[in-house]
Amino acid sequence: MSEELKHVDPRQIFQEIFKMEKYRSRLSQMAVEGSTSLVLDFEDLRVADEELAKELIMNPRAILDYASKAAYEQLKIEDPEYANVIEKVAVRVRGLPTPISLRKLGSDYIGKLVMVEGIVVRATPVRPMIVEAAFKCRRCKTIKRVPQSGMTITRPTTCESEACRGRRSTFDLVEEETKFVDYQEIRIQEKPEDLPPGQLPRSVNVRLVGSDLVDTARPGDRVSIVGIVRVTSPRGEGRLRIFDIYLDANFIDVKSKEAEAVIISPEDEKKILELSKDPFIHRKIVQSIAPSIYGYEHIKEAIMYLLFGGVPKTLPDGYIRGNINILLIGDPGVGKSRLLQYVAAIAPRGLYTTGRGTTAAGLTAAVLREAGGGMTLEAGALVLSDMGICCIDEIEKMRPEDRVAIHEAMAQNTISIAKGGIVATLNARTAILAAANPALGRYDPYRTVAENISLPITILSRFDLIFVLRDVPDKERDTEMSEHILNIHKRAHSSIEPPIPPDFLRKYISYAKTINPVLTDEAIERLKEFYLTMRSAGEGEGSPIAITASTTRYLSFLRSIGFTSSL
Ligand code: ADP
Ligand code: MG
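Residues numbered from 1 in each chain as written. Chains lettered and ligands numbered in written order. Predicted model: local features only at pLDDT ≥ 70, side-chain atom pairs only at ≥ 80, totals over all residues. Heavy atoms only, no water.

Among all positions in helix α1 (residues 10-18), only Pro10, Ile13, Phe14, Ile17 and Phe18 are buried. The arc that holds the buried residues of α1, viewed along the axis, is 135°, so those residues lie on one side. Its buried side turned inward, α1 meets α2 (21-33), β1 (37-41), α3 (42-48), α4 (50-58), α5 (60-78) and β2 (90-94). (Buried < 20%, exposed > 50% of the residue type's maximum accessible area, 1.4 Å probe, protein only. Helix = DSSP H or I, 4+ residues; strand = E, 2+ residues; numbered from the N terminus. Arc of directions from axis to C-beta. Contact = heavy atoms within 4.5 Å.)

Listed below in structure tokens is the structure:
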């Protein structure tokens, strides 16, 4: 322990803290919940003793030990019966003042307590891990208990019993007498919105030990984890000087998905409400989407609906998604990729990927074999962009596995996987903006949409809106477009000013998403009429994709323009 601390007794300070009403009630709840851990709010420790709080960060092992003992003492007072049942109380620390970015987690932090935030990308199944092994000597049958800590089992070599008297012997593990604890390894990755532009996301492995920590987070979940930074040799107990960093979790907090990705100040709110009353708000938003891309007003309008989204409904017999999916199919070089990249950057939770996916998990999810031999579930792009927008470029190149799983993702907003002993359903409440190149290189107007793209109709039908972008020479349009593009290049440094700056538009969208508009009778009537006319129009042409019922579009429209009226 460091010099400054010698004047205080950490155990006494913890004892004072745990006498607070809040902790006493948490302790007396433990028996009911069958829990063996107590959550300590870091702020309470900081108020009680600033020095000790600092020491907890620098020297977590020792200080947590004091806390654990103090918590057990207090439990003996609150619930002596339960204290007899459990041997110790694990103290979990919640809410360190500042999270450390995964990018900065380096050797400076080894052995220290940190808080990191990220998104769970992988999780192994929960497996038992030995904490104390019981060995039986083959010669004299005496049981010997050996506490375990490293990754491999430490075996005794000599037997100290009366009979063997320190001779070398062989030992067998006695499972029944051995103490196990639940163990799981997860991997967390930087959140897409925290990622510096053009950088690959960093990730770190996290070890979860204890039944209260394992299985709390699934791939795709956003978590905040408090833990001790540790290192491990990549290949067991090797001789390499280079190690891998991992986190020994102390506390894991699964963030509610709805939590705002964007921080909105009261001034922002005032500006947002003001802007929402603008009679031209609708057009202004459309003009603010990818202003450097010429034309495509109708597509940009659709993208606006996608950005705002509708209201999901949970019914007794299922879930109705609240987002729309858009597909852009068309000739190469018409700006599809540019549009997608722009939307990914502007959306509060946007992710840009290609059909192939950027990880082994592809677009949906995959069960992968770990280096150690076990299986691990890894989340793909659609799971990582849960509650956000996933921009998938060149979707026709997606993996065959994803072709199967994407149906479920697009209709039910979940991804189910059952493979290698892992059975899981992950959330993928994602709006998809996809782009595809025509199967024959160029879009053939004499064929149907379905014949122009190498995707099954079942997937196509999951898109609410499909746009065909063709690159046909048109003197008027070409002149205007070339002027538009040349203009941008002329003003290289100050790109086109959209009516609403991108940062503010992101806030506006985030804010609008917190409002739940309700369909009026008049709106229902108009939608019904529109649907019937569309259906009868589709009938005659023998269109391969029938217009399917989607009211989402209207709800997102309400959100984008009239949301103040429902406040
Ligand atoms: P795609 O993905 O459709 O093949 P890209 O998005 O890669 O096409 O666009 C190719 C180039 O053409 C980009 O540099 C883009 O800026 C330009 N471009 C194409 N159409 C437009 C447009 N309507 N307005 C501005 N730039 C465009
Ligand atoms: Mg492209």
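After presenting the structure, the write-up continues.
With that settled, consider the site of ligand 1. With respect to spatial proximity, 14 residues lie near ligand 1, and among them Tyr294, Gly333, Lys336, Ser337 and Arg338 are the closest. In the complex, the protein chains occlude 74% of the 560 Å² of accessible area that ligand 1 would expose alone. Within the residue set of the shell around ligand 1, elements represented by two or more residues are α10 (336-346) and α15 (475-490). The element contributing the most residues to the shell around ligand 1 is α10, with 3 residues. Here the residues of the shell around ligand 1 sort into 7 nonpolar, 4 polar and 3 charged. (Near = heavy atom within 4 Å. Areas by Shrake-Rupley, 256 points an atom, 1.4 Å probe, with all protein chains shown as cover. Nonpolar A, V, L, I, M, F, W, Y, C, P; charged D, E, K, R; others polar.)

Our next topic: the packing of aromatic side chains. Applying the stated criterion to the full structure yields 3 aromatic pairs. Ring centres 6.1 Å apart and planes at 20° place the aromatic pair Phe14 and Phe18 in the stacked group. Separated by 4 residues within a single helix, Phe14 and Phe18 lie in helix α1, roughly one turn from each other. Judged by relative accessible area, Phe14 falls into the buried class, the value being 0%. According to the relative accessible area criterion, Phe18 is buried, its value standing at 0%. With a centroid separation of 5.5 Å and 70° between ring planes, the pair formed by Phe18 and Tyr23 is classed as edge-to-face. Taken together through their ring pairs, the aromatic side chains of Phe14, Phe18 and Tyr23 make up a single cluster. Looking at Arg207, its charged tip hangs above the ring of Tyr246, at a distance of 3.7 Å from the centre. Directly above the aromatic system of Phe504 lies the positively charged group of Lys271, at a separation of 4.9 Å from the ring centroid. (Phe/Tyr/Trp six-rings, centres within 6.5 Å; stacked < 30°, edge-to-face > 60°. Lys NZ or Arg CZ within 6 Å of the ring centre and 35° of its normal.)

Shape is all these values report; function is a separate question.
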